[in-house]
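Summary of structural features
Listed below are the residues making up each chain.
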Amino acid sequence: KIGLIPGAGGTQRLPRLCGVRHALDMIVRGRINGSAKEGLKFGFLDGVVSSKESIFACALRWANWVSVLPANTLESRRLCLRTVPSDGEGI
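What you see is a predicted model; the values in this text were computed from it and never measured.

**Some thoughts on the nonpolar core**
The biggest cluster of nonpolar side chains holds five residues, and these are Leu-14, Cys-18, Ala-23, Met-26 and Phe-42. Where this core is concerned, the elements lending two or more residues are helix H1 (13-18) and helix H2 (20-29). Leaving out residues up to four positions away in the same chain, Ala-23 has contacts with Leu-14, Pro-15 and Cys-18.

**Quick word on the confidence of the model for the protein chain**
Looking at the protein chain, the pLDDT average stands at 77 and 79% of residues meet or exceed 70. Confidence, read as mean pLDDT per element, is least for H1 in the protein chain (78) and greatest for helix H4 (residues 55-67) (87).

**As for the side chain of His-22**
Mapped onto the elements of the fold, His-22 is located in helix H2. Classification of His-22 as buried rests on a relative accessible area of 17%. When near neighbours in sequence (up to four residues on either side) are disregarded, His-22 contacts Lys-41 and Phe-42.

**A closer look at a nonpolar patch on the surface**
On the surface, a cluster of nonpolar side chains totalling about 400 Å² of accessible area is made up of Leu-17, Leu-40, Phe-44, Leu-45 and Val-48. Locating Leu-40 in the fold gives a position in helix H3 (residues 36-42).

**A short note on H2**
Those residues of H2 lying buried are His-22, Ala-23 and Met-26. Across the axial projection of H2, the buried residues extend over an arc of 100°, all falling on one side. What points out from H2, more than 90 degrees from its buried face, is the exposed set Val-20, Arg-21, Leu-24 and Val-28. Those residues of H2 that are buried are in contact with H1 and H3.

How each quantity is defined
Residues numbered from 1 in each chain as written. Predicted model: local features only at pLDDT ≥ 70, side-chain atom pairs only at ≥ 80, totals over all residues. Heavy atoms only, no water. Core = buried A, V, L, I, M, F, W, Y, C linked by side-chain atoms within 4.5 Å. Buried < 20%, exposed > 50% of the residue type's maximum accessible area, 1.4 Å probe, protein only. Helix = DSSP H or I, 4+ residues; strand = E, 2+ residues; numbered from the N terminus. Contact = heavy atoms within 4.5 Å. pLDDT = per-residue confidence, 0-100. Patch = residues over 30% accessible without salt bridge, like charges linked within 9 Å, V, L, I, M, F, W, Y side chains within 5 Å. Areas by Shrake-Rupley, 256 points an atom, 1.4 Å probe, with all protein chains shown as cover. Salt bridge = Lys/Arg side-chain N within 4 Å of Asp/Glu carboxyl O. Arc of directions from axis to C-beta.

Quick look at the structure:
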């Protein structure tokens, strides 16, 4: 809306994340806000906490799920993901 080209991956990573059509719409119109439903659809969010559930309860549930996994499994998964190029090529 102020005539600037987005930085910080806005022109490279955004189209890979949500597709060229949606990225173009966001960049051309300067539309940087949206609903939680859109965020899920475009891959910006992993999940949304309902109004009936607290963020703390959701985070605790996730932490409990992760805590039962073997530590070496978590470390192996983390290391594998760190070897993926930051631009997502090769995935």
